[in-house]
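One letter stands for each residue in the lines below.
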Amino acid sequence: MAKSDKANEKTNVMRLLDKKKIPYTPHCYAGTGALSGLEVAATLGEDPARVFKTLVARGRSGAHYVFLVPVSAELDLKKAAALAGEKAVSLLPQRELLPLTGYVHGGCSPIGMKKQFPTFVHETAAALPTLFCSAGRIGYQIELSPDALAGMLPVVFGDVAEEAVP
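From a predicted model like this one, the values you see are computed outputs, not experimental measurements.

What counts, and at which threshold
- Residues numbered from 1 in each chain as written.
- Predicted model: local features only at pLDDT ≥ 70, side-chain atom pairs only at ≥ 80, totals over all residues.
- Heavy atoms only, no water.
- Helix = DSSP H or I, 4+ residues; strand = E, 2+ residues; numbered from the N terminus.
- Buried < 20%, exposed > 50% of the residue type's maximum accessible area, 1.4 Å probe, protein only.
- Contact = heavy atoms within 4.5 Å.
- Polar contact = N/O pair within 3.5 Å; in protein donor to acceptor, adjacent residues only side chain to side chain.
- Salt bridge = Lys/Arg side-chain N within 4 Å of Asp/Glu carboxyl O.
- Arc of directions from axis to C-beta.
- Core = buried A, V, L, I, M, F, W, Y, C linked by side-chain atoms within 4.5 Å.
- Pairing = 2+ DSSP bridges.

Along the chain, the position of S145 falls in the loop between β8 (140-144) and α6 (146-152). We classify S145 as partly exposed; its relative accessible area is 24%. Sequence separation between S145 and T130 is 15 residues, and the spatial gap between their C-alpha atoms is 4.1 Å. Filtering out sequence-adjacent residues up to four positions away, S145 remains in contact with P129 and T130. Among the polar contacts made by the side chain of S145, one reaches the main-chain amide nitrogen of A148 at a distance of 2.9 Å.

Next comes the structure, spelled out in structure tokens:
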């Protein structure tokens, strides 16, 4: 597939948004070599505070949770647990991500998982006009408003991140 064709390719996440008539802007960075969230933000020319990574965690109860935090920050496990009503949460091992969510590491989106899990978005997102998150495949991001994201799936905005130490 030619590079220009990839830019026009729709992911399942995009098709789900289209089906619900939720506005978004697709962004393709496939073939750029960008792997980390900070590299993706730089490739897209965006502020890392607007580009969010999707993390899946398991609570002590065994329940699963989804957290979106800026790529420039880290998930604060204590804050995340408190917001989820758990005594503790831990990040899901990478090998368990695909069977549980249907997504691979680096291409995990909060939209379109095999099962909808409680989803928490770092509070800074609520004040942004738009945010970026994975479109469900490595090399693809979607840009949408926090309200549009909340229109697609139930989300709770709260403080779940700590700033990364440079």
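The next point concerns the pattern of salt bridges. Per the stated rule, a full pass over the model turns up seven salt bridges. The residue K10 makes a salt bridge to D18 at a minimum N-O spacing of 2.7 Å. According to the relative accessible area criterion, K10 is partly exposed, its value standing at 37%. The partner of R58 in a salt bridge is E96, with the nearest N and O atoms 2.3 Å apart. On the criterion of sequence distance, the pair formed by R58 in strand β2 (residues 52-59) and E96 in helix α5 (residues 94-101) is long-range, its members being 38 residues apart. Residue E96 is classed as partly exposed on the basis of its relative accessible area, which comes to 24%.

Turning our attention to helix α4 (residues 77-84). Considered for burial, the residues of α4 that qualify are A80, A81 and A84. Down the axis of α4, the buried side of the element spans an arc of 100 degrees, and every buried residue falls inside it. For α4, exposure combined with an orientation more than 90 degrees from the buried face picks out K78 and A82. On its buried face, α4 is in contact with β3 (64-70), β4 (73-75), β5 (89-91) and β6 (119-122). Two to three positions downstream of the cap, the backbone nitrogen of K78 sits 3.0 Å from a side-chain oxygen, assigning the N-cap of α4 to D76.

Let us now look at helix α2 (residues 12-19). Along α2, the positions that sit buried rather than exposed are V13, M14 and L17. Buried residues along α2 cover an arc of 100 degrees about the axis, so they all sit on one side. Along its buried surface, α2 packs onto β1 (25-28), β8 and α6. The first or second residue beyond α2 is K21, which carries a positive phi of 60 degrees.

So, about the nonpolar core. L17, I111, I142, L144 and L149 are the most contacted members of the largest nonpolar core, which has 30 residues in total. The residues contacting L17, other than those within four sequence positions of it, are I22, Y24, I111, I142, L144 and M152. One finds F67, A81, V89 and F120 within the second-largest nonpolar core, a separate group that totals 14 residues.

As a further point, take the pairing of β2. Most of β2 is tucked away: six of the eight residues are buried. As paired elements, β2 and β3 share seven bridges and run antiparallel to each other. Paired with T54 across the strands is L68, a residue of β3. Joining the antiparallel neighbours β2 and β3 is a turn of four residues, in which G62 adopts a positive phi near 100 degrees. As paired elements, β2 and β5 share three bridges and run antiparallel to each other.

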